[in-house]
Amino acid sequence: MKTIKTIENIINFGADLLVEKAIVSDFRTAVFEVKLLLSFILGKDLSYLIVNKSDVIDNDKFILFNQLLNRRLLGEPVYKIIGKKPFYKYEFITGNSVLDPRSDTEVLIESVLKYFSKDSVLDILEFGVGSGCILLSVLNDLNNSFGIGIDISSDALDIANKNLEIFSLFDRCNFICSSWNDFVCDKKFDVIISNPPYIKSSYIDNLDIEVRKFDPIIALDGGADGLNCYREIADISGKFLKNNGHIFLEIGIDQENDVCSIFNDAGFKIVDMVKDLSGVIRVLHFIYI
């Protein structure tokens, strides 16, 4: 880059490359991603880049910017590069051992919070914790409730516990490393929540490189028909739920009929099907009868 290394020039330089290499489809999104990288390097917020767009960046920071930009050019998601991502009303630490929080999953949180009042005293169990973004978001809004999250990945729980520390919810939340089937607990829960793996195994290789290469496969692969984890949750949930306890599940596109059938056979009754902003049924709410 031969031009003066001002903030404005660096942003345009990086955005042009992202579009040219087809990493990002439109220039506006590319500009936003480059701004995220640059604000991370400078330790400043995005508004700083606008106000100080004529400032010249020193060479060391420009070298670091290029290193991060090259990672993005190889397909690594920008939020994994900077190690944090906004989700729901908060911001969470993320990384390659967990799924990046996705906006579709906010529907799961909203479904729980819509059904229960803010003052509800609930015991909540989550199958599959990842970054902890779901359970921590729910508990942060239901401030009289308690939660346990189960995940088989110790690497994922390392990140979840960092987010737990940020939220200061140690007195109301605990993450446990275990398979779902091996989990043992004396108490019964009012609510189970989960965003389990639901992608068909044969489709994994067709996913975008950002997902296929940088998200953990264990958090994506739902087996031959994408429904393995729903069968497992339906099979084991009865022993953890109180009578008339609730389950809230995120599902993939067009999986609602199959998942409903699985849970109906296991003694659950459908309460609600909730659509995301695209009009896709994204969350199923069951009650244990």
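Figured I'd write up the structure that's included with this text. (Residues numbered from 1 in each chain as written. Predicted model: local features only at pLDDT ≥ 70, side-chain atom pairs only at ≥ 80, totals over all residues. Heavy atoms only, no water.)

The next subject is helix α8 (residues 154-167). Spanning 14 residues, α8 covers 20 Å between terminal C-alpha atoms, matching the ideal 20 Å at 1.5 Å per step. Listed in full, the buried residues belonging to α8 are Ala156, Leu157, Ile159, Ala160, Asn163, Leu164 and Phe167. Burial along α8 is one-sided: seen end-on, the buried residues are contained in an arc of 160°. For α8, the exposed residues set more than 90 degrees away from the buried face come down to Glu165 and Ile166. Structurally, α8 contributes buried residues whose contacts are with β2 (90-93), α7 (133-141), β4 (146-151) and β5 (173-177). (Helix = DSSP H or I, 4+ residues; strand = E, 2+ residues; numbered from the N terminus. Expected span 1.5 Å × (residues − 1). Buried < 20%, exposed > 50% of the residue type's maximum accessible area, 1.4 Å probe, protein only. Arc of directions from axis to C-beta. Contact = heavy atoms within 4.5 Å.)

All right, on to the nonpolar core then. Residues Leu125, Tyr230, Ile247, Val259, Phe263 and Phe286 are the most contacted members of the largest nonpolar core, which totals 34 residues. Listed by contribution, the elements that provide at least two residues to this core are β3 (123-127), β4, β6 (189-194), α10 (228-236), β7 (241-250), α11 (256-265) and β9 (281-288). Top element by residues in this core is α10. It accounts for five residues. Excluding anything up to four places from it in sequence, Val259 contacts Leu227, Tyr230, Leu249, Ile251, Leu284 and Phe286. Membership of the second largest hydrophobic core comes to 30 residues, among which are Phe92, Val112, Val129 and Val191. (Core = buried A, V, L, I, M, F, W, Y, C linked by side-chain atoms within 4.5 Å.)

On to the pairing of β6, then. Counting buried positions along β6 gives six out of six residues, so the element sits mostly inside the fold. Where β3 and β6 come together, four bridges link them in parallel fashion. Looking at β6, one finds that Ile124 is bridged to Val191. Pairing of β6 with β7, which is carried by five bridges, proceeds in the parallel orientation. (Pairing = 2+ DSSP bridges.)

We now examine the side chain of His246. Within the secondary structure layout, His246 lies in strand β7. Setting aside anything within four residues of it in sequence, one finds His246 in contact with Tyr115, Phe116, Asp190, Val191, Ile192, Leu241, His285, Phe286 and Ile287.

Before going further, it helps to examine the layout of surface pockets. Empty space among the atoms can be located by rolling a probe the size of a water molecule over them. The space that makes up the second largest pocket amounts to roughly 200 Å³. The wall of the second largest pocket is formed by Phe32, Leu36, Ser39, Phe40, Lys44, Asp45, Leu46, Tyr79, Ile82, Lys84, Pro86 and Glu91. Elements with a contribution of two residues or more to the lining of the second largest pocket: α2 (27-42), α5 (78-82) and β1 (84-87). Considering every element that reaches the lining of the second largest pocket, the biggest residue donor is α2, with four residues. Taken together, the residues of the lining of the second largest pocket break down into seven nonpolar, one polar and four charged. (1 Å grid on protein atoms, 1.4 Å probe; cavity = no way out; pocket = protein on both sides within 12 Å on 5 of 7 lines; lining within 4 Å. Points joined across faces, edges and corners; volume = space filled by probe spheres on them. Nonpolar A, V, L, I, M, F, W, Y, C, P; charged D, E, K, R; others polar.)

One way to put it is that helix α1 (residues 7-20) packs onto α2 with a least axis distance of 8 Å and a crossing angle of 130°. Viewed along their axes, α1 and α2 adopt a mutual orientation that is oblique. The interaxial crossing formed by α1 with α2 has right-handed handedness. Residues Ile7, Ile10, Ile11, Asn12, Gly14, Ala15, Asp16, Leu18 and Val19 of α1 pack against Phe27, Ala30, Val31, Glu33, Val34, Lys35, Leu38 and Leu42 of α2. For the contact of α1 with α2, the per-class residue count stands at 12 nonpolar, two polar and three charged. (Axes fitted to C-alpha atoms, helices over the stretch in contact; angles between N-to-C directions. Parallel < 35°, antiparallel > 145°, perpendicular 65-115°, else oblique. Left-handed = near helix turned anticlockwise from the far one by under 90°.)

Here we come to the pattern of salt bridges. Tallied over the entire structure, the rule returns 13 salt bridges. The partner of Lys242 in a salt bridge is Asp190, and the shortest N-O contact between them spans 3.0 Å. Of the two residues, Lys242 is situated in strand β7 and Asp190 in strand β6; the sequence distance between them amounts to 52 residues. Relative accessible area serves as the criterion here: at 33%, Lys242 is assigned to the partly exposed category. (Salt bridge = Lys/Arg side-chain N within 4 Å of Asp/Glu carboxyl O.)

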